[in-house]
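Okay, here's what each chain looks like letter by letter:
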Amino acid sequence: MFMLRRLLLLVITFLAISCYSQYYDNQTTYNISAMPKREVRAVWLTTLGNLDWPKTFATSEYGVERQKRELIYMLNQYQKANINTVLLQTRVRAATIYPSNIEPWDECITGKAGQAPPYGYDPLKFAVEECHKRGMEIHAWIAAVPVGASKSLGCRQMKSKGFDIRGFSSGSYVNPSDPKIAEYLADICAEITRNYDIDGINLDYIRYPDGWRSPTYRNGDTPNNRRENITRIVKAVHDKVKAIKPWVKISCSPIGKYSDLSRYSSKNYNARDRVSQEAQAWVKAGIMDQLYPMQYFLGNNYYPYCADWMENSNNKDIISGLGTYFLDPREGKWTLSDISRQMYVSRSLGMGHAHFRSSFLLNNREGIFSFEKYFNAYPALTPAMTWQSKSLPNVPILKKDIDFITYTTNNDAIINWQGNAPYYNIYIDTNYPVDITNSRNLVISRYDGTSFRHSNAHVKKIYYAITAMDRFGNESAPLQATAKPSEKKKLLDNNGAELELPNECQENDFKYYTIESLEGVVLRKIFADYSNARTIGIYMLPQGVYSIRGHKSKHKTGSRIGFFAIKK
């Protein structure tokens with residue numbers, strides 16, 4: 001074990017000082033094949049003190065919409081950089097950004113603690129919906145031990161409930177040894193899990209605070225007991241959340257160095273011995289699915305500890321927390337190469353990465369956002385939770401009486417399939433069959449529909465493949481397109497108001513027509529006024545893709561005439 005650890009550290013050191021040969025074909029060309037298909041690419045989105053979002057208060061209808069637009073803009077930017085995980089600060093300091101039955105509203109939403117926003121606006125619900133529209137996971141970031149300023153509403157309510165609260169210059173904190181705190185925090189996480197379609201719970205500051213006095217070895221105050229106190233909280237959260245939704249990922253953000261290494265000292269600041277976080281034991285015990293160690297260090301304070309985290313990951317997800325805020329000259333003197341080197345090396349080890357925090361990334365400090373887009377040239381799926389479930393979902397199948405691919409008059413491709421999975425992944429390739437193992441072929445991830453429109457599909461000859469994905473991230477075998485591009489079937493012509501009927505309609509003498517959605521729902525029934533009708537009115541239909549059937553009798557299903565797309 002010692003020799004293995006030493007070998008790993010030597011490999012990391014070599015990578016850190018190398019030219020990243022596995023990522024480059026030459027000094028200027030990025031080797032796209034080195035991009036993994038599965039990788040966590042995350043960002044911490046801070047609500048405390050309105051640091052990242054929201055920047056304005058939701059106290060009126062206009063204020064609500066403005067706050068929503070702020071978030072939409074940020075999520076659109078994340079999407080451009082193929083970020084797939086948002087860690088949204090949900091429990092701020094004993095206060096929340098959603099209507100809780102346990103704690104008050106945080107002041108970041110309306111500017112006043114305890115005040116709900118108007119018009120039933122729920123910031124967390126809105127954030128979940130918008131993240132999922134973009135195929136992103138959203139994890140509720142929970143500040144566990146901090147409870148805010150001593151006179152804050154959240155802190156005062158904690159005191160009124162009888163919790164042991166201690167004050168320091170940095171704020172107030174609940175005593176982790178308080179026997180009530182584990183179940184209390186677990187109830188908050190359970191409330192969020194039950195009421196929102198979140199993908200994870202991220203426990204932040206799940207530790208003893210800086211400044212807490214050293215163990216006294218009296219009345220059970222020992223290092224081991226302190227670690228047991230923190231572990232008790234983690235296990236309580238895990239058990240309550242998993243009982244509700246077993247696919248919700250439990251993670252935490254431990255100090256970036258777990259403990260001293262044989263050749264490298266943590267300089268008396270580490271997770272296990274200084275603040276009682278047994279994070280590596282938590283993944284081995286199965287009460288943590290992911291770790292986001294806060295590796296806000298350079299050089300030998302970073303690279304050897306990456307090896308240590310991965311060596312002790314127990315095949316769970318390790319996501320390196322990057323000190324992106326140090327790119328701001330007011331915070332530090334880091335350069336883009338400091339961060340980019342860490343990103344290359346952590347990727348080579350199989351680690352994901354997470355930026356702390358959003359504003360420093362989106363403000364493009366030292367060009368970090370531009371680099372993020374370059375580094376993540378293609379989308380990536382998050383790793384599957386194979387330790388939770390290994391069952392593969394069923395392969396998507398073709399819709400009855402509907403072609404897998406149809407083409408509009410302007411050569412947009414409409415891809416149709418059916419299945420009962422919560423998500424689907426869409427792949428495009430110029431070769432057949434589509435290689436779904438190649439990261440560059442993944443174009444849409446975590447798609448929740450069964451019909452997809454690919455604009456300007458005529459640009460080049462392309463093939464499509466669809467896979468189903470369950471809530472644990474397990475992916476099915478693909479449904480492959482078998483039709484060649486030369487076999488394209490055109491949609492029926494229309495101008496948005498009138499649909500042109502093919503000659504077969506006159507030949508069959510249909511009595512009436514039905515217009516249906518792609519799911520087979522009849523939307524309109526139109527009677528043929530005379531046998532040689534050439535067009536029917538469709539002006540009442542909204543933009544979308546539809547099918548049309550001709551009927552000779554009301555007792556028969558009818559014959560499918562074709563499909564048409566309306567663009568307005």
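For the structure, check the block above.
About the cut-offs
- Residues numbered from 1 in each chain as written.
- Predicted model: local features only at pLDDT ≥ 70, side-chain atom pairs only at ≥ 80, totals over all residues.
- Heavy atoms only, no water.
- Helix = DSSP H or I, 4+ residues; strand = E, 2+ residues; numbered from the N terminus.
- Contact = heavy atoms within 4.5 Å.
- Buried < 20%, exposed > 50% of the residue type's maximum accessible area, 1.4 Å probe, protein only.
- Axes fitted to C-alpha atoms, helices over the stretch in contact; angles between N-to-C directions.
- Parallel < 35°, antiparallel > 145°, perpendicular 65-115°, else oblique.
- Left-handed = near helix turned anticlockwise from the far one by under 90°.
- Pairing = 2+ DSSP bridges.
- Salt bridge = Lys/Arg side-chain N within 4 Å of Asp/Glu carboxyl O.
- Phe/Tyr/Trp six-rings, centres within 6.5 Å; stacked < 30°, edge-to-face > 60°.

Colleague: Explain the environment of L88 to me, please; I cannot follow it from the model alone.
Modeller: Position of L88 relative to the elements: it lies in strand β2 (residues 85–91). Separated by 50 residues in sequence, L88 and I138 have C-alpha atoms that sit 6.9 Å apart. Among residues more than four places away in sequence, those in contact with L88 are L45, T47, W53, I97, L124, A127, I138, H139, A140 and W141.

Colleague: Looking at this structure, how should I read helix α10 (residues 303–311)?
Modeller: In an α-helix, one turn spans 3.6 residues, which is why side chains three or four residues apart end up on the same side. In terms of residue burial, α10 counts as a mostly covered element, since 7 of its 9 residues are buried. Within α10, burial applies to Y303, P304, Y305, C306, A307, D308 and W309.

Colleague: Is there a simple way to explain the packing of helix α2 (residues 61–80) against helix α4 (residues 123–133) in this structure?
Modeller: Pairs of packed helices are described in terms of their axes, by the angle between the two and the distance that separates them. Closest axis-to-axis distance for the α2/α4 pair is 11 Å, and the angle between their directions is 30 degrees. Comparing their axes, α4 and α2 come out roughly parallel. For the element pair α2 and α4, the recorded crossing hand is right-handed. Between α2 and α4, the contacting residues are Q67, K68, L71, I72 and L75 on the first element and P123, F126, A127, E130 and C131 on the second.

Colleague: Explain the sheet that holds strand β21 (residues 522–527) here, please?
Modeller: The strands that make up a sheet are held in pairs by hydrogen bonds between backbone atoms, and each pair lies either parallel or antiparallel. Here 4 strands make up an open sheet; going across it, the order is β21-β20-β23-β24 and the pairing antiparallel. In this open sheet, the two edge strands, each paired with only one partner strand, are β21 and β24 (559–566). For this sheet, the mean inter-axis angle between neighbouring strands, taken without regard to orientation, is 25 degrees. In the sheet, strand β20 (residues 512–516) pairs with β21 via 5 bridges, with the strands oriented antiparallel. Note that in β21 the partner of Y512 across the bridge is F527.

Colleague: So what exactly am I meant to see when it comes to the sheet that holds strand β15 (residues 442–447) here?
Modeller: The 4 strands are arranged β15-β14-β17-β18 in an open sheet whose pairing can be described as antiparallel. In the strand order of this sheet, the two ends are held by β15 and β18 (479–480), each with one partner. Sheet topology note: the strand β17 (residues 463–469)/β18 ladder contains 2 bridges and is antiparallel. The residue bridging A465 from the neighbouring strand is Q480, located in β18.

Colleague: What is the right way to read the pattern of salt bridges from this model?
Modeller: Applying the stated criterion to the full structure yields 31 salt bridges. Of the charged contacts, one joins E130 and K133 as a salt bridge, the two residues approaching to 2.9 Å between their closest N and O atoms. Placement of the pair is E130 and K133 together in helix α4, with a separation of 3 residues, close to one helical turn. Its salt-bridge partner being D273, residue R272 comes within 3.0 Å of it at the nearest N-O pair. R272 gets classed as partly exposed once you look at its relative accessible area, which sits at 25%. Looking at D273, the relative accessible area reads 45%, which means it is partly exposed. Within the structure, one salt-bridge network assembled from shared partners comprises E137, D197, D199, K249, R446 and R471.

Colleague: How should I be thinking about the side chain of S172 in this particular structure?
Modeller: Mapped onto the secondary structure, S172 falls in strand β6 (residues 171–174). Setting aside residues no more than four positions away along its own chain, S172 makes contact with V145, P146, V147, G148, A149, S150, C155, I165, R166 and G167.

Colleague: Mind showing me how you'd approach the packing of aromatic side chains here?
Modeller: For any two aromatic rings, the description comes down to two numbers: the centre-to-centre distance and the angle of the planes. Summed over the entire model, instances satisfying the criterion amount to 26 aromatic pairs. When the centroid spacing of 6.0 Å and the interplanar angle of 65 degrees are considered together, the rings of W44 and Y292 count as edge-to-face. Highlighted residues: W44 in strand β1 (residues 41–45) and Y292 in the loop between β9 (290–291) and α10, separated in sequence by 248 residues. The buried category is assigned to W44, whose relative accessible area is 2%. For Y292, a relative accessible area of 0% puts it in the buried group.

Colleague: Looking at this structure, I do not really get the environment of N300. What am I missing?
Modeller: Take N300: it is sitting in the loop between β9 and α10. Since its relative accessible area comes to 45%, N300 is described here as partly exposed. Expressed as a C-alpha distance, the spacing of N300 and Y264, which sit 36 residues apart in the sequence, is 7.6 Å. Discounting residues that sit within four places of it in the chain, N300 has contacts with Y264 and Y305.

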